[in-house]
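The lines below spell out each chain.
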Amino acid sequence: MTETGAHTLVIHDAAELVVGPATESDATLEVREDAALVAADGAVVAVGESEAITRKYPPENADVAIDASGQAVVPGFVDPHTHAVFAGDRSDEFEARLRGKRYQEILEEGGGILRTVRATRDASADRLLERLLAHLETMLTHGTTTAEVKSGYGLETETELELLEVIDRADAAQPVDCVATFMGAHAVPEEREADDYVDAVVDDQLPAVADQGIAAFCDVFCEEGVFDVAQSRRVLEAGRRVGLEPKVHAEEFTRLGGAELAAELGATSADHLLYATDEDVDALAAAGTVPVFLPGTAFALDEAYADARAFLEAGAPVALATDFNPNCHVRSMGFVQTLACLEMGLAPAEALLGATHDAALAIGREDGTGTLREGAPADALVLEAPSSVHVAYRFDTSAVETVLKGGEVVRRRG
Ligand code: NIG
Ligand code: FE
């Protein structure tokens, strides 16, 4: 096995190993029992029955061998929607909401996103990086190996570029693979009118973001009182002209038409969807736009949960994400899967698919990320439990014991 000189790793005797969807058109999870996995130079090279695999790839010859007896192995989680780069603290808004204040009222009064914008503009890039790295560390120990991170707390060119730069530096500094999304259209800054600010996003921010070359996606908060459908369309079309694929915060508090817009543009994802209609479900499914569900947000805001089941019935993928932001302080994709099961009626296997393979689709990853198929990146989690059901079942602490990124052990508990 060392003949190629590759760095090799063998996980053997796993009670259960979740490979991923059986085929691209069949959402049923392929699960192997008494299984082994071999990784070389960052990718999965073999997966299957432990005895056969270890005969061909003896663990004693591998650089790293993990005996996973009595443990389950699952693909590393992909978190396809976070606002993880910000400064400041909004725990007092949590208290205000408990006293009955609404999220949108707080925003209208200059709190919420706008308050985080002030704190973020005031923070140094090094401080923002330090905070983002701390969040990524928590995400990694809870099993997230790939995460999308949005800008959007700058709302002017200089700070938006700085946030994207911080995401890029964080990506290079630690194991979680970070995918950057430009979200200059996250809110209308206090000093501007919406139309006038959209001009600034389109004419000033987007060209600079394209020149910088870090962001892969362009997202917009299409919502009553924020950006309407026409304004959102302008932002997303301009983003696409400079090579950024569209994503939409759609139907979060009202049904405004963001999902229809996402479908019309063939956006990579449409996220939130609490107020999506049957027509929206059909349009998104037909367009191949991945619906992303953020049950942590509904939990934090005490809102009704989105109807993910309608999308499953339409044959669409169903991705899950944390939406981690100062209003929704959850970094654990395990807890998101718990909520998806208990509050949205997903089966644990459906939630796991949503946190892995389908989440990867929501950030345009079709290289096997979110699966443990041969050829996929060897991003895997060894659980301290015998079955993958424990990911959602346990919600006090994470069921994740060992985290592998690109075939290397990057975190190990105990
Ligand atoms: O996805 N909806 C807009 N953005 C975030 C909230 C960001 C914030 O409150 O700071 C969301 O819920
Ligand atoms: Fe969001």
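Draft legend 1. Highlighting helix α10 (residues 278-287). Within α10, the full set of buried residues consists of D280, V281 and L284. Taken down its axis, α10 places every buried residue within 105° of arc, on the same side. Turned more than 90 degrees from where α10 packs its buried face, D278, E279 and A286 sit exposed. Buried residues along α10 sit against α9 (258-265), β11 (269-272) and α12 (308-313). At the exit of α10 stands G288, carrying a positive phi of roughly 75°.

Draft legend 2. Geometry of unusual backbone geometry. In this model, E251 sits at a positive phi of 50°, which is unusual for a non-glycine residue. Looking at where E251 falls in the secondary structure, it is placed in the loop between β10 (245-250) and α9. The exposure class of E251 is buried, given its relative accessible area of 0%. Although it is not a glycine, D323 adopts a positive phi angle of roughly 65°. Relative to the helices and strands, D323 is located in the loop between β13 (319-320) and α13 (333-344). Judged by relative accessible area, which is 3%, D323 ranks as buried.

Draft legend 3. Seen up close, the nonpolar core. If you look at the biggest cluster of nonpolar residues, it comprises 101 residues, and the most contacted ones within it are F77, L132, F182 and F293. The greatest single-element share of this core, amounting to eight residues, is contributed by helix α7 (residues 194-212). In this structure, this core is formed jointly by two domains, domain 1 (8-75 + 372-412) and domain 2 (78-361), each of which donates at least three residues. Counting residues in hydrophobic clusters, the runner-up holds 18 residues, among them A14, A35, V47 and L372.

Draft legend 4. Quick look at the site of ligand 1. Near ligand 1, the surroundings consist of 15 residues, among which R90, Y103, Y153, H186 and E252 are the closest. In this structure, R90 approaches ligand 1 through a side-chain N or O atom, which is 2.8 Å from an oxygen atom. One of the side-chain N or O atoms of D323 is found 2.9 Å from an oxygen atom in ligand 1. Protein contacts shield 100% of the accessible area of ligand 1, which totals 320 Å² for the unbound molecule. Structurally, ligand 1 is housed in the largest cavity. In terms of residue class, the shell around ligand 1 is built from five nonpolar, seven polar and three charged.

Draft legend 5. Structural detail: the sheet that holds strand β6 (residues 77-79). Spatial ordering of the open sheet is given by β6-β7-β8-β9-β10-β11-β12-β13, a layout of eight strands whose pairing is parallel. Edge positions in the open sheet fall to β6 and β13, since each of these has one partner strand only. By the bridge criterion, five bridges tie strand β9 (residues 217-221) to β10 in an arrangement that is parallel. Bridge assignment links V220 to a residue of β10, and that residue is V248. Sheet strands touched by helix α5 (residues 125-141): β6, β7 (144-150) and β8 (177-185). Its angle to β7, the strand with the most contacts, is close to 145°.

Draft legend 6. Region of the structure containing the coordination of the iron ion (ligand 2). In this structure, H81 (NE2), H83 (NE2), H249 (NE2) and D323 (OD) serve as the protein donors to the iron ion (ligand 2), at separations of 2.1 to 2.3 Å. Read N to C, the donor residues that coordinate the iron ion (ligand 2) are spaced as H-x1-H-x165-H-x73-D. Pair noted here: H83 is in the loop between β6 and α2 (91-98) and H249 is in strand β10, with a separation of 166 residues, a long-range link. Judged on exposure class, the residue H83 and its partner H249 are both buried.

Draft legend 7. Just the domain arrangement of the protein, in detail. With domains assigned, the protein is organised as domain 1 (8-75 + 372-412) and domain 2 (78-361). For domain 1 versus domain 2, the distance between C-alpha centres works out to 30 Å. The contact between domain 1 and domain 2 buries some 1700 Å² in all, and 72% of this surface belongs to carbon and sulfur atoms. A per-residue breakdown of the area domain 1 buries against domain 2 is headed by A392, K405 and R411, which together make up 30% of the total. Between the two partners, domain 1 and domain 2, sit two salt bridges. Across the salt bridge formed by R411 and E137, the nearest N and O atoms sit 2.6 Å from each other. If you list the elements that add at least two residues to the side of domain 1 that touches domain 2, you get β1 (8-23), β2 (26-40), β5 (72-75), α16 (389-393), β15 (400-405) and β16 (408-412). If you tally residues by element for the side of domain 1 that touches domain 2, the top one is β15, at four residues.

Basis of the calculations
Residues numbered from 1 in each chain as written. Chains lettered and ligands numbered in written order. Predicted model: local features only at pLDDT ≥ 70, side-chain atom pairs only at ≥ 80, totals over all residues. Heavy atoms only, no water. Buried < 20%, exposed > 50% of the residue type's maximum accessible area, 1.4 Å probe, protein only. Helix = DSSP H or I, 4+ residues; strand = E, 2+ residues; numbered from the N terminus. Arc of directions from axis to C-beta. Contact = heavy atoms within 4.5 Å. Core = buried A, V, L, I, M, F, W, Y, C linked by side-chain atoms within 4.5 Å. Domains from an automatic or database assignment. Near = heavy atom within 4 Å. Polar contact = N/O pair within 3.5 Å; in protein donor to acceptor, adjacent residues only side chain to side chain. Areas by Shrake-Rupley, 256 points an atom, 1.4 Å probe, with all protein chains shown as cover. 1 Å grid on protein atoms, 1.4 Å probe; cavity = no way out; pocket = protein on both sides within 12 Å on 5 of 7 lines; lining within 4 Å. Sits in = over half its atoms within 2 Å of the grid points. Nonpolar A, V, L, I, M, F, W, Y, C, P; charged D, E, K, R; others polar. Pairing = 2+ DSSP bridges. Axes fitted to C-alpha atoms, helices over the stretch in contact; angles between N-to-C directions. Donors = N, O, S within 2.8 Å, 3.2 Å for Na, K, Ca; no water. Buried area = accessible area lost by both parts, 1.4 Å probe. Salt bridge = Lys/Arg side-chain N within 4 Å of Asp/Glu carboxyl O.

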